[in-house]
Structure formats: C-alpha cells, structure tokens
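Commentary on secondary and tertiary structure
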Amino acid sequence: MSNDPQEIRLHLQGMSCAGCVRRAEQALAGVPGVSAVSVNLATEQASVEPGAPGPALDELLEATRRAGYPAIEDELELAIEGMHCASCVGKVEKALMQVPGVMDARVNLAAESAHVRLLRGAVAEGALEQAVASVGYTAHRRSEGDDDAAEAEREAQRGKLKRSLILAAALTLPIFILDMGGHVIPPFHHWLAETLGQQNIYYVFFVLASIVQFGPGLRFYKQGLPTLLRGAPDMNSLVMIGTSAAWAYSVVATFLPGILPEGTAHVYFEASAVIITLILAGRFMEAIAKGRTSEAIRRLMKLQAKTARVIRDGQTLELPIEQVQAGDEIQVRPGERIPVDGEVIEGQSHVDESMVTGEPVPVKKIAGDEVVGGTINDSGSLRFRATRVGGDTVLAQIIRMVERAQGAKLPIQALVDKVTAVFVPVVIAVALLTFAVWYFIGPQPALSLALVNAVAVLIIACPCAMGLATPTSIMVGTGRGAEMGTLFRQGEALQRLRDVDVVAFDKTGTLTEGGPALTDMDMLEGFDEQETLALIAAVEDHSEHPIARAIVTAAHERGLALPKASDFDSLTGRGVTANVDGRQITVGGPGLMKDEKVDISAVQSRVDALADQGKTPIFALIDGQLAAVMAVADPIKADTAETIRRLHDLGLETVMITGDNQRTADAVAKEVGIDRVLAEVRPDGKVEAVEALQKEGKRVAFVGDGINDAPALAQADVGIAIGSGTDVAIESADVVLMGEELAGVHRAIRLSRATLRNIRQNLFWAFAYNTALIPVAAGVLYPVIGVLLSPMFAALAMAASSICVLSNALRLRRFAV
C-alpha cells in the first residue's frame, strides 16, 4: 500500500503464474469501492485504484486471503520514551493504529516498547515515529543488537532521574522541616517567628519551592502541558496542574495576600515541593524495578558468545560471532561456551544445557549429536559443524519468543484499557467538581480547602499502578519460565493455560521416550527368524516411523545385511509394503491384517499377552502369509507418572490420544495413572479427538512432539510442544518445553496460574486504591469524622501504589516447582 490516497498498493505472496495474477485481480476487483486493479507478477504487487467511496482495507486483505494470495505483513519493535501510566499506553496505541497500513499495535508500559504489525510497504519511513511524537512521546525502531544501547540509555535516564530526585529532596527537606516542625512543635514555631519572621520564612519557601517546581519539576511541564493542550491529558498533566495550583496559590498568598478572601492567605509551598519529590522518588524506584522485570532477557543475551574458534583452510581463527557462517567447523575447549548451534563431528564431552532447557544434569555429546549455542562445554574437547548461526540459533529464537510473550496483552487487560481510556479526563472533572463543591458549600476557609482537596484528587488519581499491573507480571512470569526452560510463544497462552480443564497427551515421544525397541519376535512354522527380520528391516528401512527405526536398529545390532527393497508403499496409519528379492513383504498392525483379510486367530492369545504388557504387536506377511508376530515397546519417561499425579493434584483431567490399539493404550494409561484413553486414533484423527473433548465443554491443553501432532496442537485451546520434538510441532504450539522432561507441563500450568493470580492481585490493588482514595481525597470523610487527605500524603500513596504493584510482580522471580 502506498501513501498516495489515489492508490493502494499491496505486496502479495504465493503468486507463480499468469493465472494467479488473474485470480488476484478478480478477487480485488470484487471488493466494493474498487475502481481498477493491476497485479504485477514480477514485483508481486497489487495496485488498487479506489472509487468514491474507496474500499475498506480489511475487505481488500480478506479478498486476497480468500483468493490464496495473502498480503505480506511485517512486525517491528519500537522503543517508546516518556510513558508513565496506563493513559499513556492508550494514547500511543491509538496513534499507531491510526497510521494507514498498521494492522495491530500493542504497547507495553513496563518494557517501554510497542510491537507493531503492519502491511509490507504500507508505512512510510518515519510515519510511526511521527505518529507517536504527535501525542507527546518519542519513538525509535529497535533493531537486532541494539539492546545494549537501549539498556545504556535506560541507565542514563535512571541517572538523570536520580540527580533530579537528590536536588528536589535537598531543597524540599528544609521546607518540610521548617513547616511541619512549626506545626508539630509549637515552641519551634514561636522561635522561628521571632528569629526570622513569618514573612521571611515564606520568602525562603518561595525560593526553594520555585527551584523544585521549575528545576526537577520541569519534566512534568514538558510532558504534561503538550498533552493537556491537545485535549489528551496524562498523569504528567495531573501532577503539573496540581503542583502548579498549590505553588501559584502560595505565591499569591505570599506577595499579594490582600486579593484573597480574609482568612484564606495560606501557603502550600511544602505541598508542591513534597509532591514533586515523592513522585520523582516513586519514578526512580519504578525505573529500578522495571529494569529487574526484564532481567531474564538480559541473562539470555549474556549467554551469547562473543567469539568463536573457527577452523578454515586448516587454520584456527578467533572470529567475532557475527562472522561465523553455517558449515564452519568450530573447536570448543573444556569450560568454554558453545558459540552457535551445530552437530558434533569429533570428540566427546558433557555439556551443561541448563540455561536453555532448565535441566541441571549435563548431557553427554558424541559425534552426530546436536549442540546448542549458549550452553557450556563441561569437560572434553568438541569439534562441531555450525548448522544455525545469528538469528537462526535456538538461543536467538528463545529470546524472540520471550520478547514477544513479554509484549503480549492478555484478555484480562481489556478492562484496564477501557477504564484508562477516559480515566485522566474524568479525574480532572472530579477535581474541578471537588473544588466547586468545597468552594461554594464547604466550611471556611472555603478557598483553601477547595484548593487542597482538588489538588489531592489530582495527585492521588494518577493511573500508574493500573498501567503496570499486567505487563510487569507478564514480563517477570514469562522471563522466569524461560529460565526454567518453559517458553510461552504467545503471551495470551498464559491466561488460556490457567483455564484448561483437560490435559491431553500424545503417547509416543511425549509420555514415552520416543525411541521404541524391538522386544519380541515370535516366528510361525516354516520361517527363519534371521532371514525374516532382514526382509522386514529392508522394507522398514524406507520408513521414518519410530517403530520402523526400532526394527532396522535391531537388524543392524544382529549384524544382518539388508537386501534391496523396491516398490515401497506406506499405508498411512496402518503399515508398509514392498518387494524384496521377488517376495512381497507387508508389515503392519491388526488393522492392516483385517484389511488384508489375514486370519490371526492362531496367535491372538500371544497378541493379547503382548498388548497387556503395554507392547505394540506388529505382524509380518511374506507373500500374503503370516510369518512373524513382533512386539515393540517404547519406554515410559521416568517422570511421566509423577507429572500425571501432580496434574491430578491441580484438579485436571488427563487424556491419552494414541494410534495404539486399545489394550496397549490401556496398559500404558494404567501404569502412569491417566484418566481416559482415546486409542486407535489415526494421525489425521487427533484433531477430531481434541474437538470431541472441546465439544464436551472442556478447555483442552494438548501436549505433543511430532509432525502429526501439529494440527492437534493448533486446534487445542493451548498447544504444548516438547522442545525435543520437531520444528513443525514447536511452531504450532503456544508453549514450548525446551527439555525432554514431561514435568515441564505441570510447571507451565502452575506458572500460568501464579502469573494470573499475581495480575489479579495487582489489578485489585490498583483499582481498589483509586476507587477508595479518590473519594477520600475529595473529602467525603470530612463531614463524618473530620478527616481530609493532605496532597503530600496523596503523593506518597500514589508512589507507594506503583511500587507495591512492581514489588508484587517481582515475587514471581522466586517461582519454583
């Protein structure tokens, strides 16, 4: 899409021929409001001329999607400076969403960032930054590798804030001591009046408070005044109005007391100075706490090696990590960090992978094993070939997953967004109403009381805590999960996982080790075991199924030479068949025997016995005649039974979905304690099995690791992939367990519940604080018990609320199983 209002340009994907061009043009031409369409195959761009009125962008996108040529979308991160509360977040999101071509924008107050999804080519250079600047904030695009610079900038901002706080405190302290000391200790008050004179004290207050107001406090004017003039005030506006009112009133009372009603010439310099100092103190502590919320990301980034020892043309070179290429041979010594992902080609060692998988026991590595960048070579020397470098490494993907999850906006945040969208303007209105009520119908001195209460309302109502309540918990929770090897690819999965009723498991590779072994081979009369196994293995050698690999491995272990197979055919979900040395070999389960009309009644008792042991019976036919009954068993993972027990303790139902026969599946389920079994489910039937559970009104989490699990992972309310599984399964999942241990499922659910519980606590205190204290600040308790809330205490309470929210969120860093 271009910025020319007369033309809409979309970058399409999937076009390969003139027929694609025609279909894309027809799809776009059918959208109401389109005058003309031109699609260029070479550039893969569609140019749309709008009529009057023009077409809706979402209708154009839907048309291209239905035609099979969806418009390409890009994602980028913006660093946002100047945000302080939930209303800031709302204004930035609204500004970004108004930029033509932006599909979605999610702003995170705690991370001070925005995640933007936009159409490729749709947004002009600088348009996003200009949109953010138009509402009073500063934005710049984050690029890979600028995190150190960003942290340095945040550290500089914290330093500047600290200096402002020290100056404000140093100037405010004398005001506070002289004023409050005079109120609390009458002799001290009399001594001051006799020594300095009350008017001279006011002059001192004026000088000190003015420096605070327009020195450290100038930031509130710089940020609050522009937003106020645009009609979109934020918390800076509230502080600016409140402190300016107290300071200005005090100036009049000091220098022109005669123009004020009799008995109202009071000064409130201490209020304006203390308010600014307390809010700066709160912001400084917020800045420190915010830095701690993103500590998990920084820890992960520190795992990345800076250099690598690369072997090229027989020479060993110490190269920066950026210069390492896929295919390079890399040498790693004991105690060194592995720089990139790769495959071991020489040597053996144990590697500490705990920082990536969360599993503390070092893993043995020999030739052919994979190593992950960022892990530590514990002992021994390894030479490996780099397979993934730069942004393609597992560690880089983990960092991206965590960053995306930390920037997510949960459904629970919707209520906060609705409230904060109108919160600050409503607060200003309440403050004006408070002033009016106290001025016209309040007791004397009416003007002073009206001012004090209105300022208290403005100060106490700043919605900082509301804006921090959700994102800080998400950042700390997902960060803690990453440290334990539990990655939330989608932040929304945090909330959905908390609500699941059923955890459904794939069996092979999930509940079990995923590496079955041939355990039994019973021959029928007239067939030789060694020869038959060689024939069967020759067929299975063409299959990637785990059972097939177990049979081939067993043949190799016996030293058998495998003959050549031809005409191989895979019978999906049932078995395989091929021609070997002129003989037709068929291998499969009971379903295939039934399809082939093979009578297995003579061996049924043996088959039943194997099934009762949790083993998978396999039949072999040679030229249509039953030759052997074999059994393959897949060892159950050591922590499976304990994980199922812990899930039951959480009140969850457990289900196993497997292609095994009912008896085998029941035997495994009984051993580990699973509640329900859905057996003999074909690979394409797992989605239907998950849907069936959902139709029962259940919210389902599905745990799997294989390619055939991907559709079920996507269908489930929450898909959980075992990290040792396939890339396809991981890409289809919402949660990824980096280790092979099944205990990660229980850990993920508990972490989800702990994070959501933490968010609810934060939101309760944030809302309760404002709901309860705004009326108190307005003075509703005064007619009852004669209590008013000082603006200084309002500032202290406001700062304390944000610090409480951040401190509560940081408790998640101590989460442990």
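These lines cover the structure that appears in this document, whether it is placed above or below. These numbers come from a predicted model, not from an experiment.

Describing the overall build of the protein chain
- Within the protein chain one finds 30 helices and 29 strands.
- Counting only residues that meet the buried cut, the protein chain has 53% of its 817 residues in that class.
- The long-range fraction of contacts in the protein chain, counting pairs at least 24 apart against all pairs at least 6 apart in sequence, stands at 68%.
- Here the protein chain displays about 35500 Å² of accessible surface, and carbon together with sulfur accounts for 55% of that area.

Quick look at the sheet that holds strand β15 (residues 376-379)
- Ordered in space as β13-β12-β15, the 3 strands form an open sheet in which the pairing is antiparallel. Either end of the sheet is taken by a strand with one partner, and the two such strands are β13 (363-365) and β15. Pairs of neighbouring strands in the sheet enclose a mean axial angle of 45 degrees, with direction left out of account.
- Across 3 bridges, strand β12 (residues 349-352) lies against β13 in antiparallel orientation. Each residue of the ladder has a partner; that of S349, found in β13, is K365.

Remarks on a positive patch on the surface
- Residues R757, R760, R811 and R814 make up a contiguous surface patch of positive charge.
- Positionally, R811 belongs in the segment after α30 (791-810).
- Residue classification places R811 among the partly exposed residues on the basis of a relative accessible area of 38%.

Observations regarding the pattern of salt bridges
- Counted according to the given criterion, the structure contains 29 salt bridges.
- E318 is the salt-bridge partner of R309, the closest N and O atoms lying 3.8 Å from each other.
- Several salt bridges share partner residues, and in doing so they unite D520, D522, R606 and K615 into one network.

Things to note about the nonpolar core
- By size, the foremost hydrophobic cluster in this structure holds 135 residues, and its most contacted members are L96, L497, F505 and V745.
- At 15 residues, the largest contribution of residues to this core is made by helix α28 (residues 743-778).
- Residues in contact with V745, not counting those within four places in the same chain, are V503, F505, L647, V703, I720 and L737.
- Counting 28 residues, the second-largest nonpolar core is a separate cluster that includes M521, F527, V576 and M630.

A closer look at the sheet that holds strand β22 (residues 583-588)
- With antiparallel pairing, the 6 strands of this open sheet are ordered in space as β19-β24-β23-β22-β21-β20. Only two strands of the sheet have a single partner each, and these edge strands are β19 (517-523) and β20 (565-571). Strand-to-strand twist across the sheet, computed as the mean angle between neighbouring axes with direction ignored, equals 20 degrees.
- Pairing geometry for β19 and strand β24 (residues 625-633), over 6 bridges, is antiparallel. Along β24, the bridge assignment pairs D520 with A631.
- Sheet contacts for helix α22 (residues 604-612): β19, β23 (616-622) and β24; angle to β24, the most-contacted strand, approximately 10 degrees.

Calculation criteria
Residues numbered from 1 in each chain as written. Predicted model: local features only at pLDDT ≥ 70, side-chain atom pairs only at ≥ 80, totals over all residues. Heavy atoms only, no water. Helix = DSSP H or I, 4+ residues; strand = E, 2+ residues; numbered from the N terminus. Buried < 20%, exposed > 50% of the residue type's maximum accessible area, 1.4 Å probe, protein only. Contact = heavy atoms within 4.5 Å. Areas by Shrake-Rupley, 256 points an atom, 1.4 Å probe, with all protein chains shown as cover. Pairing = 2+ DSSP bridges. Axes fitted to C-alpha atoms, helices over the stretch in contact; angles between N-to-C directions. Patch = residues over 30% accessible without salt bridge, like charges linked within 9 Å, V, L, I, M, F, W, Y side chains within 5 Å. Salt bridge = Lys/Arg side-chain N within 4 Å of Asp/Glu carboxyl O. Lys, Arg positive; Asp, Glu negative; His and termini not counted. Charge placed at Lys NZ, Arg CZ, Asp CG, Glu CD. Core = buried A, V, L, I, M, F, W, Y, C linked by side-chain atoms within 4.5 Å.

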